[in-house]
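# Residue-level structure breakdown
Take a look at the letters that make up each chain.
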Amino acid sequence: LIAAAAGLVGCSMEDNTGNPLDPIYPFNLAVRRVKAAVIAARSLPFHFTLTARAENLIYGRMDMNDTLRRLEAFAEAGADVLFAPGIKTREEIEMTVRTVAPRPLNVVMGLRGPTHWMKELEEMGVKRISIGSSLARAAYGGFYTAAQEIKEKGSFGYADNIISYDFINDLFK
C-alpha cells in the first residue's frame, strides 16, 4: 500500500529472506506473503500489478521442482505475473510457461549464459522480459575498457566506437 501511495502501479514480491545463511522463505510462509500482497493490491482503487518471484535459482538452490511449485502456488494465490530469475534454457522457460499458464511469465535477459532472441522468447510463451541492470553494466563495461586502454596503452582507440554528441542530444529531443 505504501508503494501505491507513492504512485507506483506495480511491484515484485520476492521469496528471499535477506539472510545469506537461510536465503529462501519456507514454502508456506512464501505463499502466505504473496496472498497478503495480492489482498493489499486488490484493495486499491486501480489495477496494481503484483509480480511474484521464486528466487531459488539465483540464491544457489538449484531446485527447479521447488521453483515451479512456488510459482504455481503464487499464481493460485493471485499474482499477476510470475518470475523465477535464473531460468535460462529453452526447456526451463517452456516448462515454466506451462506451469504458470495462463498467467504471464517474466524472464531476465542480458545476463551471461544462455540467451534468446526476443522472437524466440515470444514463441516460447514469455510475456515480459526484464533486463535488470544489464544496460548500465554494459555502459560501465565500455567506460572501464576505455579507461584501461588509456591507462595500459596510453591510446584512445575506444573513441572510434563511441556515439556522437549530436546523436545523444537528439535522443533527448
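Up top you'll find the structure we're talking about.
A brief look at the structure comes next. Computed from a predicted model, the values in this text were never measured in an experiment.

The helix and strand inventory of the protein stands at seven helices and five strands. Along its sequence from the N terminus, the protein presents helices and strands in the succession α-β-α-β-α-β-α-β-α-β-α-α. Radius of gyration (C-alpha) of the protein: 20 Å, far over the 16 Å computed for a compact globule of 173 residues. Projected onto its principal axes, the C-alpha positions of the protein cover 60 × 40 × 35 Å. The buried share among the 173 residues of the protein stands at 35%. Within the protein, contacts between residues separated by at least 24 positions form 57% of all contacts whose residues are at least 6 apart in sequence. Accessible surface for the protein amounts to roughly 11100 Å². Of this, 59% is attributable to carbon and sulfur atoms. Treating the 20 positive side-chain charges of the protein as one cloud and the 20 negative ones as another, the clouds have centres 5 Å apart.

What follows covers the packing of aromatic side chains. Counted under the stated rule, the structure contains zero aromatic pairs. Sitting above the plane of the phenylalanine 27 ring, arginine 69 keeps its charged end 3.6 Å from the centroid.

Glancing now at helix H4 (residues 90-100). Those residues of H4 not exposed but buried are Ile93, Thr96, Val97 and Val100. The buried side chains of H4 occupy one side of the element, clustering within an arc of 105 degrees when seen end-on. Turned more than 90 degrees off the buried face of H4, the exposed positions are Glu91 and Arg98. Where H4 is buried, its residues meet helix H3 (64-77), strand S3 (81-83), strand S4 (105-108) and helix H5 (118-124).

Our focus in this paragraph is the sheet that holds strand S1 (residues 10-14). The pairing of strands in a sheet happens through backbone hydrogen bonds and is either parallel or antiparallel. The strand order across the open sheet built from five strands is S1-S2-S3-S4-S5, with neighbouring strands paired in parallel fashion. For this open sheet the edge positions go to S1 and strand S5 (128-130), each flanked by a neighbour on one side alone. Going from strand to strand, the sheet's axes swing by 25 degrees on average, the running direction of each strand aside. Looking at chain direction, S4 and S5 are connected through three bridges and run parallel. Residue pairing across strands places asparagine 106 opposite arginine 128, the latter belonging to S5. Packing against the sheet, H3 makes contact with strand S2 (49-53) and S3, and its axis sits at approximately 165 degrees to S3. Contacting S3 and S4, H4 crosses the sheet at an angle of about 155 degrees to S4.

A few words on the environment of phenylalanine 143. The residue phenylalanine 143 is located in helix H6 (residues 134-153) in this model. Its relative accessible area of 61% is what places phenylalanine 143 among the exposed residues. Note: C-alpha distance between phenylalanine 143 and valine 81 (62 residues apart in sequence) is 35 Å.

All chains considered together, the criterion is met by ten salt bridges. With its nearest N and O atoms 3.6 Å apart, the salt bridge here joins arginine 61 to aspartate 66. Overall, arginine 61 belongs to the partly exposed group, its relative accessible area being 31%. Taken together, the shared-partner salt bridges connect Asp15, Arg61, Asp66, Arg69 and Arg70 into one network.

Rules used in this analysis
- Residues numbered from 1 in each chain as written.
- Predicted model: local features only at pLDDT ≥ 70, side-chain atom pairs only at ≥ 80, totals over all residues.
- Heavy atoms only, no water.
- Helix = DSSP H or I, 4+ residues; strand = E, 2+ residues; numbered from the N terminus.
- Rg over C-alpha atoms; globule rule 2.2 N^0.38 Å.
- Buried < 20%, exposed > 50% of the residue type's maximum accessible area, 1.4 Å probe, protein only.
- Contact = heavy atoms within 4.5 Å.
- Areas by Shrake-Rupley, 256 points an atom, 1.4 Å probe, with all protein chains shown as cover.
- Lys, Arg positive; Asp, Glu negative; His and termini not counted.
- Charge placed at Lys NZ, Arg CZ, Asp CG, Glu CD.
- Phe/Tyr/Trp six-rings, centres within 6.5 Å; stacked < 30°, edge-to-face > 60°.
- Lys NZ or Arg CZ within 6 Å of the ring centre and 35° of its normal.
- Arc of directions from axis to C-beta.
- Pairing = 2+ DSSP bridges.
- Axes fitted to C-alpha atoms, helices over the stretch in contact; angles between N-to-C directions.
- Salt bridge = Lys/Arg side-chain N within 4 Å of Asp/Glu carboxyl O.

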